[in-house]
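The residues making up each chain are set out below.
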Protein chains: 2
Amino acid sequence: MKIHREQIISTAIAILDRDGLEGVTLRRVAAELQVRPGALYWHVQNKQELLDEMANVLLSEQFAHFEGLIPGQEWSKWLQEMCLRLRQALLAHREGARVVAGAGFGRAFMLKQLLEITVSSLLAAGFSLRLAFLAWSTTTSYVYGFVIEEQAAPSEDTIRNAQRLQGESMVVAIQREKQEKMYTEDKDFCDGLEVIVDGIRQWRAKQLIYAEEDQEVREQYSTELDSGSREK
Amino acid sequence: MKIHREQIISTAIAILDRDGLEGVTLRRVAAELQVRPGALYWHVQNKQELLDEMANVLLSEQFAHFEGLIPGQEWSKWLQEMCLRLRQALLAHREGARVVAGAGFGRAFMLKQLLEITVSSLLAAGFSLRLAFLAWSTTTSYVYGFVIEEQAAPSEDTIRNAQRLQGESMVVAIQREKQEKMYTEDKDFCDGLEVIVDGIRQWRAKQLIYAEEDQEVREQYSTELDSGSREK
DNA sequence: ACCTGAACACCGTTCAAGT
DNA sequence: ACCTGAACACCGTTCAAGT
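Please read these numbers as outputs of a predicted model, since none were measured by experiment.

**Q** Looking at this structure, I do not really get the state of the cysteines. What am I missing?
**A** Disulfide: a covalent bond connecting the sulfur atoms of a pair of cysteines. Residue and element names in this part refer to chain A. Scanning all chains against the criterion turns up 0 disulfides over all chains. The thiol of Cys190 is unpaired, and the distance to the nearest cysteine sulfur, on Cys83, comes to 10 Å. On the basis of relative accessibility, which here comes to 33%, the residue Cys190 falls in the partly exposed class.

**Q** Got a minute to help me understand the protein's contact with DNA strand C in this structure?
**A** Arg27 and Tyr41 of chain A together with Ile3, Trp42 and His43 of chain B are the nearest of the 18 residues found near DNA strand C. Counting only atoms of DNA strand C within 4 Å of the protein, the sugar-phosphate share comes to 67%. Between DNA strand C and Arg27 of chain A there is a distance of 2.5 Å, counted from a base nitrogen to a side-chain nitrogen or oxygen. Elements represented by at least two residues in the surface near DNA strand C include exactly helix H2 (26-32) of chain A together with helix H3 (40-43) of chain B. It is H2 of chain A that provides the largest number of residues to the surface near DNA strand C, a total of 3 residues. Looking at the surface near DNA strand C, its residues break down into 7 nonpolar, 5 polar and 6 charged.

**Q** Would you mind going over the protein's contact with DNA strand D with me for this structure?
**A** Around DNA strand D, a shell composed of 18 residues is seen, among which Ile3, Trp42 and His43 of chain A together with Arg27 and Tyr41 of chain B lie nearest. Among the atoms of DNA strand D lying within 4 Å of the protein, the sugar-phosphate backbone contributes 67%. In this structure, a phosphate oxygen belonging to DNA strand D sits 2.8 Å away from a main-chain N or O atom of Arg36 of chain A. Note that a phosphate oxygen of DNA strand D is positioned 2.6 Å from one of the side-chain N or O atoms of Tyr41 of chain B. Elements represented by at least two residues in the surface near DNA strand D include exactly helix H3 (40-43) of chain A together with helix H2 (26-32) of chain B. Considering each element in turn, the surface near DNA strand D owes the most residues, 3 residues, to H2 of chain B. Each residue belonging to the surface near DNA strand D can be placed in one class, and the counts come to 7 nonpolar, 5 polar and 6 charged.

**Q** Sorry if this is basic, but what is going on with the environment of His93 of chain B here?
**A** Residues and elements named next belong to chain B. One can find His93 in the loop between helix H5 (75-91) and helix H6 (96-107). As for His93 and Ala132, which are separated by 39 residues in sequence, their C-alpha atoms are 29 Å apart. At 2.8 Å, the side chain of His93 forms a polar contact with the side chain of Asp17.

**Q** Sorry, what's going on with the UniProt feature "domain: HTH tetR-type" (unreviewed entry) in chain A here?
**A** Feature annotation in UniProt assigns "domain: HTH tetR-type" (unreviewed entry) to the following positions: residues 2-62 of chain A. Counted over residues 2-62 of chain A, helix gives 69% and strand 0%. Its end C-alpha atoms are 30 Å apart.

**Q** Explain helix H7 (residues 109-124) of chain A here, please?
**A** Residues and elements named next belong to chain A. Here H7 spans 23 Å end to end across 16 residues, near enough to the 22 Å set by a 1.5 Å rise per residue. H7 sits mainly inside the fold: 12 of its 16 residues count as buried. Inspection of H7 places Met110, Leu111, Lys112, Leu114, Leu115, Glu116, Thr118, Val119, Ser120, Ser121, Leu122 and Leu123 among the buried residues, and these make up the whole buried set. Just downstream of H7, Gly126 is the residue with a positive phi angle, here 95°.

What counts as what
- Residues numbered from 1 in each chain as written.
- Chains lettered and ligands numbered in written order.
- Predicted model: local features only at pLDDT ≥ 70, side-chain atom pairs only at ≥ 80, totals over all residues.
- Heavy atoms only, no water.
- Disulfide = S-S within 2.5 Å.
- Buried < 20%, exposed > 50% of the residue type's maximum accessible area, 1.4 Å probe, protein only.
- Near = heavy atom within 4 Å.
- Polar contact = N/O pair within 3.5 Å; in protein donor to acceptor, adjacent residues only side chain to side chain.
- Helix = DSSP H or I, 4+ residues; strand = E, 2+ residues; numbered from the N terminus.
- Nonpolar A, V, L, I, M, F, W, Y, C, P; charged D, E, K, R; others polar.
- UniProt positions renumbered as here; feature names shortened; annotations may be inferred.
- Expected span 1.5 Å × (residues − 1).

Here it is, written out as structure tokens:
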């Protein structure tokens, strides 16, 4: 049997969806491909590399054709769209958030690219470099944290505990309100995101004067777009 | 050799700090306690239960004696203090964020308690039930996401990639600014948190009228504090 | 009540040897 | 170039049997 790298990654993702992250095993991937476990090591350095590649695929599904801010567009709409897609990417596959978080910002190539697009879009929308970075860091951290909770398996005994601890009045009240007003996880996510975006908007309004260095960066970036390099 | 539950948990945490999360193995914990692996199963149902307990200990170290909002105190200061402590709890031990995230909001008892304190504190500060929950959800998601990134091992080849991809102008510019202005991870975290708190403040200012149900909840809670139960 | 002994069904990883 | 065979050093979990 002859296999190649992409097959390994895609069957690993198939197993992820079917059996969860702890079911993703090199031996099982090998079995699915009708190959001995050792064979995988010709295509992949180790299990972590496979997991990193899986993370990149999950992100690519949402961001492969994702464009930066268009001149007329509102930055807040664009930023929210970016966050919605990021959440979608993490939710699309079982334990997706854990997979991407496990790969880490460092190892996931797609995330670096997304950072590039985001920060330069916000610079174009009049953000200082600092605030553009803060907007990136704050929103993406939020998305990560939110989805990780969201995807955490409630586990069998969580329900037992919920019953037992009736004294937790807040949890009960919150859940009742959610039912009555039909608030979904989606609604919670979007509202929280809106809170953050409102905070960012406020910061942006307060710092309409940019440091000169930021202006430099903005110019340097736009020249780099059509010219080549320009070493410092 | 005779052991008890707490010893198991504390030596597991010791191993976590020494060898990282993947070093935390029931067999290694057993060896450290001079006991056969099977012996642990009398004190603990399975490995996940041990991990859950570890998560609770990490959180308890910061929140065991954490008080709710004091009447005179500003809610924003209190909320920020809560978030700082949460980050501290996650940072205090190697891969702490992964441990707590792995346990999940459902399984970590301490987190439910913290939710109770937070939401009731914000209600007391004039928040609607909805906004109090949003403030909780948004800030804690942010903290989680931020620390998970923060603790993600950069790995050997991240540096290689950083060198190779010089085209990433934004990453370079951001890192240069951080060095020049001496922005630390702490600074990034606090600024991002401030952005979120500013967003929350704005929402609070806009909804000074509460729904009657919220008022009900607030009253119910305060009576529950000194009286006993009051079933609906 | 609490632990040992011993097994079961798995892992990731390596590497000579085959084709 | 790409895979097999076979091993190594591990895992979590179970359970009769000991004390």
